[in-house]
Amino acid sequence: MSVAGGDGLHFVAEGEGPGLLFIHGAGGNAAVWWQQAGAFAPSHRVVAYDLAGFGRSGPLPVEAVPQRLAADAAAVLDRAGVERATVVCQSLGGWSGVRLALERPERVERLVMCATPGGVVHMPAVQSYIESTRRMDERGPVSLALSAAFAAAMPSKANLYQSLSAANAPLDRAVVAKLFSPEVMLPPERLAQIACPVLIIAGEEDPIWPPAALEGMVAHFPSARMEVIPGTGHSAYFEVPERFNAVLRAFLG
């Protein structure tokens, strides 16, 4: 099922069972999770949506940040008929996933943070992002989304990722600046309020948020652990879907 509602949000949903919500990063949209949808739809109600300003969803006004980060995710769950879900958020999608866990904890069964600090002022992650911007081209984070080794080994699949990303409107720099502003970023102490189990997944060779930039976040959660996927960059879910899906399936229990 592919739906666009009056709120301007586009989402796809398939399967029946426990809820599983996927939230993409700055280089993606709902379509980038196709390798997860196929694997989990036989046993779960899989939902993925285009963040506002991406894919087929409407724009995100600067003045609506951060109010819509959790609200949009909750609205998609409502329309997909999911009361409670494991939330899997990638990179920029972590800003929405963490906010949803904080503001609507009854909707989040588990939280999976993939290559993201989730909009938290964790200084190693902040510094790592600043350093990575020097290696980005005009496309922003999408230019570092796939590892060079993956692009060389699987050029057709790398091209598919770039094609999916090209379906997005250009990044709204004002929105990005707002997302990284002091009034939106969260202090690490807030993570103590997230009582659900948390899994942080990092790519061993991620140029934006490598394991060393994220590992210190584990201690801020009541129940969290970290898993590093060897040989992957910023998008392990796309580069090595079988390995990523196995890690996620084990966390789901």
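Details of the structure are given in the entry above.
Residues numbered from 1 in each chain as written. Predicted model: local features only at pLDDT ≥ 70, side-chain atom pairs only at ≥ 80, totals over all residues. Heavy atoms only, no water.

J.: Help me out: how do you make sense of the overall build of the chain in this one?
T.: Broken down by element type, the chain carries ten helices and eight strands. Here the C-alpha atoms of the chain give a radius of gyration of 16 Å, agreeing with the 18 Å that 2.2 N^0.38 yields for 253 residues. Dimensions along the principal axes, computed over C-alpha positions, put the chain at roughly 40 × 40 × 40 Å. Taking the contacts inside the chain whose residues are at least 6 apart along the sequence as the reference set, 76% of them involve residues at least 24 apart. For the chain, the exposed area adds up to about 10100 Å²; of that, 57% sits on carbon and sulfur atoms. Measuring between centres, the 19 positive side-chain charges of the chain sit 2 Å from its 24 negative side-chain charges. (Helix = DSSP H or I, 4+ residues; strand = E, 2+ residues; numbered from the N terminus. Rg over C-alpha atoms; globule rule 2.2 N^0.38 Å. Contact = heavy atoms within 4.5 Å. Areas by Shrake-Rupley, 256 points an atom, 1.4 Å probe, with all protein chains shown as cover. Lys, Arg positive; Asp, Glu negative; His and termini not counted. Charge placed at Lys NZ, Arg CZ, Asp CG, Glu CD.)

J.: Explain the nonpolar core to me, please; I cannot follow it from the model alone.
T.: Nonpolar side chains tend to gather and get buried jointly when the protein is soluble and globular. Ranked by internal contacts, the top residues of the largest apolar core, which has 56 residues, are Leu21, Leu100, Leu111, Met113 and Ile194. Residues contacting Met113, with those up to four places away along its chain left out, are Cys89, Val98, Gly118, Val198, Leu199, Ile200, Ile201, Met217 and Phe221. Membership of the second largest hydrophobic core comes to 31 residues, among which are Val32, Ala48, Cys114 and Phe150. (Core = buried A, V, L, I, M, F, W, Y, C linked by side-chain atoms within 4.5 Å. Buried < 20%, exposed > 50% of the residue type's maximum accessible area, 1.4 Å probe, protein only.)

J.: Looking at this model, I keep getting lost on the packing of aromatic side chains. Mind explaining?
T.: Aromatic rings considered in pairs are described by the distance between their centres and by the relative angle of their planes. By the definition in use, this model includes ten aromatic pairs. Considering the side-chain rings of Tyr129 and Trp209, the 5.6 Å spacing of their centres and the 25° angle between planes classify their relative orientation as stacked. Here the residue Tyr129 occupies a position in helix 4 (residues 123-133), and Trp209 occupies one in the loop between strand 7 (198-203) and helix 8 (211-214), the gap between them amounting to 80 residues. For the pair shown, Tyr129 and Trp209 are each scored as buried. Geometrically, the ring pair formed by Phe150 and Phe238 is edge-to-face, given 6.3 Å between the ring centres and 80° between the ring planes. Taken as a pair, Phe150 in helix 5 (residues 148-153) and Phe238 in helix 9 (residues 236-239) lie far apart in primary sequence, 88 residues in all. An aromatic cluster of at least three residues, connected via ring pairs, comprises Phe22, Trp33, Phe150, Tyr161, Tyr237, Phe238 and Phe244. Positioned over the ring face of Phe238 is Lys157, at 5.5 Å from the centre of the ring. (Phe/Tyr/Trp six-rings, centres within 6.5 Å; stacked < 30°, edge-to-face > 60°. Lys NZ or Arg CZ within 6 Å of the ring centre and 35° of its normal.)

J.: Sorry, what's going on with unusual backbone geometry here?
T.: With the exception of glycine, the majority of residues adopt a negative phi angle, and the majority of peptide bonds are in the trans configuration. Here the amide bond leading from Val65 into Pro66 is cis, since omega sits at 10°, within 30 degrees of zero. Residue position: Pro66 is located in the loop between strand 4 (45-49) and helix 2 (67-80). Backbone geometry at Ser91 places phi at a positive 50°, although glycine is not the residue there. Of note, Ser91 is situated in the loop between strand 5 (85-90) and helix 3 (93-103). Even without glycine at this site, Ala115 takes up a positive phi of about 50°. Note on placement: Ala115 falls in the loop between strand 6 (108-114) and helix 4.

So yeah, pure geometry; function would need other evidence.
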